[in-house]
Amino acid sequence: MNVRLRFLGGAQTVTGSRYLLEVDDFKILIDCGMFQGLKELRLKNWSGFPVDPKTIDAVILTHAHIDHTGYLPKLFKEGYRGTVYCTSATRELTEIMLLDSAKLQEEEAEYAFKKGYSKHEKPLPLYTTEDANFTFSYLRGYQYNESIDIHPKIKIKFHDAGHILGSAITEIFVQGDKMSKKIVFSGDIGKYNKPILRNPSIIKEADILLIESTYGNKETPSVKEAYENFADIINKSIERKGCLLIPAFAVGRTQTLLYYLKQLIDQRKIPKVPVFIDSPMGISVTSLFKRHSNFHTINTNGSEDIFDFDGLHYYRNQSESVAINNIKNSAIIISSSGMCNGGRILHHLYHRLPRPNDTLLFVGYQSEGTRGRKLLDGDSTSRIFGEEVQVKCHLEQVSGLSAHADRAELFKWLGNFKSAPKMTFIVHGEPEVSKQFSNSIQNKLGWNSTVPNYMEVFELFKGI
Ligand SMILES: [Zn+2]
């Protein structure tokens, strides 16, 4: 038996995660991400999948984030018809995320058509709501630690990655004719000692390991420090009588923020100010957490809404959303997308960026090429709805609230391994970051590691 790995994305970039594992002629796609950020990356979404989707036998999702799932409806459009394996929480979250992604693309195509800025006569969305809905019946959800047969010779197992609800480190066990091998995909790995989610699960061995490296060259503050910083920034923003705008994805990150805000208010570390969740799907997801109680650490038995508090408002429709623009002071607004590249956040940025008393706070990773990253890097204007909008507001960042483990935490996780994998592939990081992380793995642990290129192919095992 021969095993081969192809990097179809998520290599020297944090976006478009997709890895093709070929066990003889059985093809497994691990993650099916959409490319976001830099234009040269986004164009990859349009050029057709690099391998004929009809020839793929199984898809595995490590978690629901769009850069790991967002290409799925397009994969089905191009002919994939197999099962999509994931955890049961990921299954439900992925449905929400893909519907949102489809809606966003429909809106963007519509907008480009109206404004006439597309080169195409009738700009088309990458996929529609209908395409997204079509994929859902192929998704199968499982529990952590469940042994799942995806082929007579191949089993997989999900373990808690502590990154977002349902996120999984995935083990793939291949039974060869002579020996068995284990390939581990870290997926995105969460921080340690945080509320709501568990620490990343301990994995002790792998023949081949793929590890993310988003913060592979950086140490971020602990959750405790980040929590204090967060309170500080909120208080300063209120003292300035401005509004605090936080870009965050509506499901997952927003709940973490609400959990912190609830605590900060209860502990009287911040005053009671109105908090607006502005998202068409900015729904209370308490029921989602209740249905998937194995996937987090919150007690959901009570009748109380675990993410609700006095002064919290969910705004779902457009007119409510527009009304938020009139609020001049002392409010917190949370809206998506988290990297400011689309969605309702654009309207808020359009109104808030020029206001010197307002604050824009980043709490998540901002990929290269996204509007969020450009703002963080100090751009003095931002082009929104065809206009150059002046950036006059305060800009803040709390990196310790990110859903990603930092360098020290990645090493802590690697420290659980009893022996070195035959090869460790460094993925899901910007080129320089992945290289630095790879070097430190070689220096600190003495392991074989490499940073794969886009489309690179590796023969993992021959004649096993
Ligand atoms: Zn992620």
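In this report, we go over the structure that sits alongside the text. (Residues numbered from 1 in each chain as written. Predicted model: local features only at pLDDT ≥ 70, side-chain atom pairs only at ≥ 80, totals over all residues. Heavy atoms only, no water.)

## Details of the coordination of the zinc ion
Within the protein, H63 (NE2), H65 (ND1), H163 (NE2) and D188 (OD) serve as the donor atoms for the zinc ion, at 2.2 to 2.3 Å. For the zinc ion, the four donor atoms in the first shell make angles of 91 to 166 degrees at the metal, a pattern classed as irregular. Sequence spacing among the residues donating to the zinc ion works out to H-x1-H-x97-H-x24-D. Taken together, the residues H65 in the loop between β4 (58-60) and α2 (66-69) and D188 in the loop between β10 (180-185) and β11 (208-212) connect sequence positions 123 residues apart. With respect to class, H65 is no different from D188; both count as buried. (Donors = N, O, S within 2.8 Å, 3.2 Å for Na, K, Ca; no water. Tetrahedral: all angles 85-135°; square planar, octahedral: opposite > 155°, others 65-115°. Helix = DSSP H or I, 4+ residues; strand = E, 2+ residues; numbered from the N terminus. Buried < 20%, exposed > 50% of the residue type's maximum accessible area, 1.4 Å probe, protein only.)

## Side note on the pairing of strand β13 (residues 275-278)
Burial along β13 is two-sided: V275 and I277 facing one way and F276 and D278 facing the other are all buried. Two strands pair when backbone bridges link them, and β13 and strand β14 (residues 312-315) are joined in this way by four bridges, in the parallel orientation. Within β14, the position partnered with V275 by the bridge is L312. Note that β13 and strand β15 (residues 331-335) share four bridges and pair parallel. Within β15, the position partnered with D278 by the bridge is S335. (Pairing = 2+ DSSP bridges.)

## Structural notes on the environment of E106
Looking at the element boundaries, E106 is found in helix α4 (residues 88-115). Spatially, the C-alpha atoms of E106 and V389 are 24 Å apart, while their sequence positions differ by 283 residues. If we skip the residues at most four places from it in the chain, E106 touches P125, Y127, T128 and T129. (Contact = heavy atoms within 4.5 Å.)

## With respect to unusual backbone geometry
For the peptide bond that leads from S336 to S337, omega is 15 degrees, which places it in the cis range. One non-glycine residue, D31, adopts positive backbone phi at about 70 degrees. Relative to the assigned elements, D31 resides in the loop between β3 (26-30) and α1 (39-42). In this model, N145 sits at a positive phi of 70 degrees, which is unusual for a non-glycine residue. Residue placement: N145 occurs in the loop between β6 (139-142) and β7 (148-151). According to the relative accessible area criterion, N145 is exposed, its value standing at 52%.

## What about the packing of helix α6 (residues 223-239) against helix α7 (residues 253-266)?
For any two helices packed against each other, the geometry comes down to the angle between their axes and how far apart the axes lie. In contact at an axis separation of 11 Å, α6 and α7 are set at 70 degrees when each is read in the N-to-C sense. Here α7 runs roughly perpendicular to α6, going by the angle between their axes. Residue-level inspection shows V223, Y227, F230, A231 and I234 of α6 in contact with α7, the latter providing L257, Y260, L261, Q263 and L264. (Axes fitted to C-alpha atoms, helices over the stretch in contact; angles between N-to-C directions. Parallel < 35°, antiparallel > 145°, perpendicular 65-115°, else oblique.)

## Description of the packing of aromatic side chains
For the structure on display, the rule yields 23 aromatic pairs. Consider the rings of F76 and Y80, whose centres lie 5.2 Å apart with planes at 70 degrees: the pair is edge-to-face. Accessibility assignment for this pair places F76 and Y80 in one class, buried. Taking the centre distance of 6.2 Å and the plane angle of 75 degrees together, the rings of F76 and F134 count as edge-to-face. In this pair, F76 is assigned in helix α3 (residues 72-77) and F134 in helix α5 (residues 129-135), connecting sequence segments 58 residues apart. A relative accessible area of 1% places F76 in the buried class. Above the ring of Y71, the side-chain terminus of R18 is found at 4.9 Å from the ring centroid. Sitting over the face of the ring of F411, K444 holds its NZ or CZ atom 4.4 Å from the ring centroid. (Phe/Tyr/Trp six-rings, centres within 6.5 Å; stacked < 30°, edge-to-face > 60°. Lys NZ or Arg CZ within 6 Å of the ring centre and 35° of its normal.)

## Let's talk about the nonpolar core
With 106 residues, the main nonpolar core has L21, I28, L72, L75, F230, L261 and I334 as its most contacted residues. Here this core gathers at least three residues from each of two domains, domain 1 (3-218 + 403-461) and domain 2 (223-401). In contact with I28, other than residues within four places in its own chain, are Y19, L20, L21, V23, A58, I60, I150 and I154. Ranked by size, the runner-up nonpolar core spans 20 residues in total, among them A206, F411, I426 and V451. (Core = buried A, V, L, I, M, F, W, Y, C linked by side-chain atoms within 4.5 Å. Domains from an automatic or database assignment.)

## Some details on helix α12 (residues 407-414)
Buried within α12 are the following residues: E409, L410, F411, W413 and L414. Check the buried side of α12 and you find it contacts β9 (168-175), β11 and α13 (431-445).

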